[in-house]
Amino acid sequence: MIDSILNKLEKSKFRSSFKLGKKYKTYVAEKGYDTIRRHAEDFIATRLAPANIPNDGHQTPMKNHPVFIAQHATATCCRHCFEKWHKVSPNIQLSAEQQKYAVDLIMAWIEKQMRS
């Protein structure tokens, strides 16, 4: 399922425009995947999972952390994008399973970028 959605996202001109540059790849290599996953879990729990997000659509920066870049690339950046691409209704608290899905997708994208 993750590979299937990544393939669909890669066909989007906007989503496919996001790449991990050298700075972010170095950061991931230095911190390790476990730390990056913890960051992703925290960002998803605080910025995507709540039922009501006052600044939805503006809560995820476009730079400054590899997870932020990955969130835009995987459409896990806001509830509108999450609904459009992943068919998850907005205005409800994301379940633990939905949060794990978002984190797994982010990590798969980052790992793929690290290999490219």
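To start, this report covers the structure provided alongside it. Only a predicted model underlies this, so the values are computations on that prediction, with no experimental measurement involved. (Residues numbered from 1 in each chain as written. Predicted model: local features only at pLDDT ≥ 70, side-chain atom pairs only at ≥ 80, totals over all residues. Heavy atoms only, no water.)

## Remarks on the overall build of the protein
On a plain count of helices and strands, the protein comes out with six helices and zero strands. Sequence-ordered secondary structure for the protein, helices as α and strands as β, is α-α-α-α-α-α. Taking 13 Å as the expected radius of gyration for a compact globule of 116 residues, we find that the protein reaches 13 Å, a close match to that expectation. Over its C-alpha atoms, taken along the principal directions, the protein stretches across nearly 35 × 30 × 25 Å. With 116 residues in all, the protein has 43% of them scored as buried. Partitioning the intrachain contacts of the protein with sequence separation of at least 6 by distance along the chain shows that 69% fall at a separation of at least 24. (Helix = DSSP H or I, 4+ residues; strand = E, 2+ residues; numbered from the N terminus. Rg over C-alpha atoms; globule rule 2.2 N^0.38 Å. Buried < 20%, exposed > 50% of the residue type's maximum accessible area, 1.4 Å probe, protein only. Contact = heavy atoms within 4.5 Å.)

## Some remarks on the packing of aromatic side chains
By the definition in use, this model includes three aromatic pairs. When the ring of phenylalanine 14 is compared with that of phenylalanine 18, the centres are 5.1 Å apart and the planes differ by 90°; the resulting orientation is edge-to-face. We classify phenylalanine 14 as partly exposed; its relative accessible area is 43%. Using a relative accessible area of 10% as the deciding quantity, one classes phenylalanine 18 as buried. When the centroid spacing of 6.4 Å and the interplanar angle of 50° are considered together, the rings of phenylalanine 82 and tyrosine 101 count as tilted. On the criterion of sequence distance, the pair formed by phenylalanine 82 in helix α5 (residues 79-86) and tyrosine 101 in helix α6 (residues 96-115) is long-range, its members being 19 residues apart. Each member of the pair phenylalanine 82 and tyrosine 101 is classed as buried. (Phe/Tyr/Trp six-rings, centres within 6.5 Å; stacked < 30°, edge-to-face > 60°.)

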